[in-house]
Every structure is written in structure tokens, then in C-alpha cells.
Amino acid sequence: MSKSPSAKDPATPNASPERPEDEKLPPRLLFVYGLQHILTMYAGAVAPALVIGAAAGIANDPAAMGILVSGALLVAGIATLMQSVGHRRIGAQMPIVVACSFVPVSAITSLAAGENGENLPTAFGASMAAGLFALCLTPFFGQLIRFFPPVVTGTIITVIGVSLMPVAADWILEDDSVEPSAPLSNMALAGVTLAIILLGSRVLPGIWGRLSILFGLILGTLLALPFGMADFSRVGEADTVFDPTSLFYFGAPQFEVTAIATMCIIMLVVLTEGASHIIAVGEITGSKVDAKRISAGLRADVSGSILGPIFGATPTSSFAQNIGLLALTGIRSRYVVATGAGILLVLGLFPVLGGVMAAIPGPVLGGAGLVLFGSVAASGIKTLAKVDLNDNLNLVLVSSAIGVAIVPLAYPTFYEQLPETVEMIAHSGIIGAALVAVVLNICFNVIGRRPQPGAPAEIEQDDIGSAGPGEAKYTDHAGAAYHDGESGEHPSGHR
């Protein structure tokens, strides 16, 4: 696929940054690439607000629903800015988009269930307390990097991509509670959008090819208009400007022990997924990820969770669909994502603009999602290519982790008999795969490490100093290994 912009592109600066994520692009490219990120994640960013609003009994209250949607966008913009730009120990300074997570939605809907939003303060209080709890745990999660060599990271990244495919299918279906299968019109629109993206990637030159996702979303929406599949009629119902007096719109947070305990367990899942996503972005961009960087990135994630209840938003985490966009376009600059954060803030401050973005049909998003999510899985496979799968233990690790991840996708009711909190965690294929891969890696490759016969994998000179996560120790000795290899000697040690 397309590579990151280089000096060959006339609009791109010639100087190469020390870190790939620090690449600076012209303002016009920052805007269009940033907009592409926001179009990709917008539906997922506001979906939790819509689901929770319906459960709280305010679905027919445009003002209250507007607060939930605008709050979700504002918090996403703030958290993404912290994540991409970073300040001291908050933010990984990587091209990572942060928004309201899907993981806590089930728990929050049960806490918020009621009429006229009467129970939302309890849900928001639990979210805020759990965010503070998660913040205290970020240093511990940062230390997990040592347990994520390529065999683990490649498996997790592959599973992230595969696990997102049902999201794309749901977008194409639009409402799985009504139709048992996707209407042909939805499938056709998704197929046309996919075809536009593939054609653009193949025939458009340079930077235009990297914008194929954006073109697919825009043209797909325009094609949907004559068939009544894109509805802009309700855009005018949204408030024009966000009202600052709407902070704590639903009342001051209420802190109940049971609700807080439930959300604390959920935040463990959010932290685990967040760490996996940061590692995945490191692999895709070629950036070094260490314990400090993971901890800083997780602090940005959970800071959004702490701020969220002030604006009427739920816990935040990094968005996997945007990881797919990174893999597909090769645009690695964190300043692109920071520009996208600015767009999110504008959309949150002007809800009427958010209404325009919300009019993108689900099938259009689904068609683009097939490519985006597939790109995440492909990046994981690329990472696994570094692993010696002729080693039977590595093969067992990968196959076991992927098998555990596929079970809840293929059989969604598989864990229904477990207690609700346990079932909520077990149902995440990403978490299951991460746990299996990490535990088996410890058992197979850490405890009683076996001597590694033969020479290590060939090292490319260009890769020295730019190894991905899990390769920090390897990188420290990469230069020496490379030069020893040139002289005909093969250093011993792990890959």
C-alpha cells in the first residue's frame, strides 16, 4: 500500500525527523489527513452516547442527547490532543485517536437505565472514580512491555483487526435489531464505497492515493443521496453552539460502591486494550515503544475518562479503526492526528456540524471499515513474519491465542453462563488473545528460557534503532549484531 510521505512528494518537507511520528506536513495536508481520521471514527465516537442515552430514557429529548453527543466529541478532542501532542508524562506522543470506548457501554447502560436520565449521575460518578483508579495503575501497565515480543504483538494486532470485522458488518447492516440480514441496497452501497477506495489506491498518484478512504466516504455519501440512504434533514435540529452552562448537565456525579467496583473491573479491560493499541501503533509506525511511553499513553486515555463526566461523556480509550487507517495510508505523523483532535473540538463546540458528519450512511462506513480493519490484521501478520514459526512453541502460542479470540466472534453466546462481569471481559476476543499470548510467552520463552539454536534473523541496517515494541533489548545490540553478521560471525542470544 502507500508509504508515508517523503521528499518525493512536492508538498512534503525534505527533512526526515528522528522519529517517524514527528514528521511535519504542510497545513493543507494536515487538515485533509486529519479529517480522514475523524470521518473514519466519528460513528464509533458518538455511538456509545446514543446507546446510553436511549437506555437512560432521554432518546426523545434532543437537548439532552445533544449534550451527550457534543460531550463525547469534546472529550475525544481533548484526550486525542493529550495523546498525540503530549505534555511531560501524559500522552504517548503518537498518532493515536482517543474517544469514548465501546468496552464500558454494557455496564454503563445497566447503571444508567431509567427515565429522563435520573440514573446518569450514578453512571458518571462510577466512571470518574474508576478513571482515577485506572490512573493509579498506569505505571504497572507500562511495565508490561517486557512481555510483548513480536510473537505476542503480532498475534494481538492480528486479532484486533479480525475482531473489528463485525463492527464493519454492523455498519453495513445499520440496524441488526430489525433486519436478519443486510438489505441488498446496503450491500451495494458498501461495495461501491469499497470499490472507490480500491480504485483510488490503485490509480491515484502520491498523496491523492493516500486520501482514497476520504474520497470513498465522500463519494459514497453523495451516491447514497438520490436513493434516500443519506438523511441530512435532522441536521437543523441540533444546537448551533455548545452551551458552557451545560457542564454537569445531568447533575453532580453520585458515587455508589457497587457501581464503582463494576466500573473498576471494566477499566482493567480498557487499560489492557489501550496498551495493546499503543504497541500496535508502534509496530505500524516503526516507533520505539517502551514502558514509560505506554504509561504516558494510558494516562492520556484515562484522563479522558476522568474529564468525561464533566461534559456528559463516558470512559475513553484509543480507537482501533484509526490504527487501520495508519496501516493503510502510511501517514505516521502525530500532528495529523492532533489536527483531527482540533476538528473534534470544533464539532463538539458546534453540534450542528456534528450533525452533518453523522449523516454519513452506515453502509459507506462499513465498506471503508472492511479495508481499514483488514489493514490492522495485515499489519499483525507482517509482525508475525519476524517470528520463527518453525518453532513449534511459537506456533502453538499464535494458534491458541487466535483460537480463543475467534470463539466469541463465531459464537457470541458462548460465555453467557458466566457471571455478568466475567462474561463482559471474556467476550472480548482481544483481551482473551492478549492474556493467552502473554501467559504462553512467559511459560514458553521466559521461564526456563531454552537456548536458541542457530543464528538470529537477518538484520537490515535500516532497521537498526527503529525496532518496534517488544524489541527494546534486541535494538540495544542490533548494531553489533549487524556488523558481526557482516564479518561472518553470528552472535548468540534471542531474536
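Each chain has its residues counted from 1, running along the sequence as written. With pLDDT at 70 or above as the cut-off, local features in this predicted model cover only qualifying residues; side-chain atom pairs require 80 or more to be listed or tallied, and sums for whole chains, interfaces and linings still use all residues. Heavy atoms throughout the structure, all of them, feed into the side-chain values; hydrogens and water do not.

**Regarding the pattern of salt bridges**
Okay, so step 1: Whenever Lys or Arg places a side-chain nitrogen within 4 Å of a carboxyl oxygen from Asp or Glu, that contact is recorded as a salt bridge. Taken as a whole and assessed by the stated rule, the structure comprises five salt bridges.
Okay, so step 2: A salt bridge links Arg19 to Glu21; its shortest N-O distance comes to 3.5 Å.
Okay, so step 3: For Arg19, a relative accessible area of 26% puts it in the partly exposed group.
Okay, so step 4: The exposure class assigned to Glu21 is buried, which follows from its relative accessible area of 1%.
Okay, so step 5: Among the salt bridges present, the one from Asp22 reaches Arg334, with a minimum N-O distance of 2.7 Å. With Asp22 in the segment before helix 1 (27–55) and Arg334 in helix 12 (residues 334–349), the pair connects residues that are 312 residues apart, well separated along the chain. Exposure is judged per residue with a 1.4 Å probe applied to protein chains only, and the accessible area is read against the type maximum: over 50% gives exposed, under 20% gives buried, and values in between give partly exposed. Each helix is a run of H or I in the DSSP string that is no shorter than four residues. Each strand is a run of E no shorter than two, and both are numbered from the N terminus.

**Quick notes on helix 4 (residues 120–142)**
Okay, so step 1: The terminal C-alpha atoms of helix 4 lie 32 Å apart, and with 23 residues this matches the ideal 33 Å at 1.5 Å per residue to within 8%.
Okay, so step 2: The largest bend along helix 4 reaches roughly 40° and is located at Cys136, with the proline Pro139 sitting one to four residues downstream. Here a helix's expected span is defined as the number of its residues, less one, multiplied by 1.5 Å. To obtain the bend at a residue, axes are fitted to the seven residues ending there and to the seven starting there, and the angle between these axes is taken.

**Here we look at a nonpolar patch on the surface**
Okay, so step 1: The grouping of Ile218, Leu219, Leu222, Leu225 and Phe232 at the surface amounts to a nonpolar patch, some 410 Å² of accessible area in total.
Okay, so step 2: Structurally, the position occupied by Leu225 is in the loop between helix 8 (212–224) and helix 9 (257–285).
Okay, so step 3: Since its relative accessible area comes to 38%, Leu225 is described here as partly exposed. Only residues whose relative accessible area exceeds 30% and that form no salt bridge enter a patch; like-charged residues are grouped when within 9 Å of one another, and nonpolar side chains (Val, Leu, Ile, Met, Phe, Trp, Tyr) when within 5 Å. All accessible-area figures derive from a Shrake-Rupley calculation using a 1.4 Å probe, and residue coverage is judged against the displayed protein chains alone.

**What about helix 2 (residues 62–85)?**
Okay, so step 1: A rise of 1.5 Å per residue sets the reference length of helix 2, with its 24 residues, at 34 Å; its end C-alpha atoms lie 34 Å apart and thus fit the reference within 8%.
Okay, so step 2: In terms of burial, helix 2 is largely enclosed, as 17 of its 24 residues are buried.

**Here we look at the packing of helix 9 against helix 11 (residues 320–329)**
Okay, so step 1: Here an axis means a line fitted to C-alpha atoms, over the contact stretch when the element is a helix, while the angle between two N-to-C directions is reported on a 0 to 180 degree scale. Where helix 9 meets helix 11, the axes come as close as 10 Å, and the angle between the chain directions of the two elements is 5°. Comparing the axis directions of helix 9 and helix 11 gives the class roughly parallel. In this structure, helix 9 uses His277, Ala280, Val281 and Ile284 to contact helix 11, whose residues at the interface are Ala320, Ile323, Leu326 and Ala327.
Okay, so step 2: Considered class by class, the residues forming the contact of helix 9 with helix 11 number seven nonpolar, one polar and no charged. In this scheme, roughly parallel covers angles under 35 degrees and roughly antiparallel covers those over 145, while 65 to 115 is roughly perpendicular and the rest are oblique. Contacts are residue-level and defined by heavy atoms, with any inter-residue pair within 4.5 Å sufficient. All amino acids are sorted into three groups, where Ala, Val, Leu, Ile, Met, Phe, Trp, Tyr, Cys and Pro are nonpolar, Asp, Glu, Lys and Arg are charged, and the leftover types, Gly among them, are polar.

**Focus: the packing of helix 11 against helix 14 (residues 362–384)**
Okay, so step 1: Viewed as axis vectors pointing N to C, helix 11 and helix 14 meet at an angle of 75°, and their least axial separation amounts to 7 Å. Considering the angle they form, helix 11 stands roughly perpendicular to helix 14. Packed against helix 11, whose contacting residues are Ala320, Gln321, Ile323, Gly324, Leu325, Ala327 and Leu328, the element helix 14 presents Val371, Leu372, Phe373, Ser375, Val376 and Ser379 at the interface.

**Focus on the packing of aromatic side chains**
Okay, so step 1: Note on aromatic contacts: the rings of Phe and Tyr and the six-membered ring of Trp form a pair at centre separations within 6.5 Å, being stacked when their planes are under 30 degrees apart, edge-to-face when over 60 apart, and tilted otherwise. Taken as a whole and judged by the stated rule, the model has four aromatic pairs.
Okay, so step 2: Arranged with centres 6.1 Å apart and planes meeting at 75°, the rings of Tyr411 and Phe414 form a pair that is edge-to-face.
Okay, so step 3: Take Phe414: its relative accessible area is 48%, and that puts it in the partly exposed class.
Okay, so step 4: Grouped by ring-pair contacts, the aromatic residues Phe124, Tyr249 and Phe250 constitute a single cluster.

**Here's the deal with empty space enclosed by the protein**
Okay, so step 1: Definitions used throughout: a 1 Å grid over protein atoms alone; a cavity as a set of points that fits a 1.4 Å probe which cannot get out; a pocket as an open set with protein on both sides within 12 Å along at least five of seven lines; a lining residue as one with an atom within 4 Å of a point. Grid points are joined across faces, edges and corners, and a volume is the space filled by probe spheres set on the points. Taken as a whole and judged by the stated rule, the model has two cavities of 30 Å³ or more.
Okay, so step 2: Estimates place the volume of the largest cavity at around 60 Å³.
Okay, so step 3: In this structure, the largest cavity is lined by 14 residues; those nearest its centre are Phe124, Phe248, Tyr249, Phe250 and Pro309.
Okay, so step 4: Sorting the residues of the lining of the largest cavity by element identifies helix 4 and helix 10 (291–311) as the ones contributing at least two each.
Okay, so step 5: Tallying contributions element by element places helix 10 first for the lining of the largest cavity, with three residues.
Okay, so step 6: Here the residues of the lining of the largest cavity sort into 11 nonpolar, three polar and no charged.
Okay, so step 7: The space that makes up the second largest cavity amounts to roughly 40 Å³.
Okay, so step 8: Counting only elements with at least two residues in the lining of the second largest cavity, the list comes to helix 1 and helix 2.
Okay, so step 9: Looking at the lining of the second largest cavity residue by residue, the class counts come to six nonpolar, two polar and no charged.

The analysis is restricted to geometry; functional conclusions fall outside its scope.
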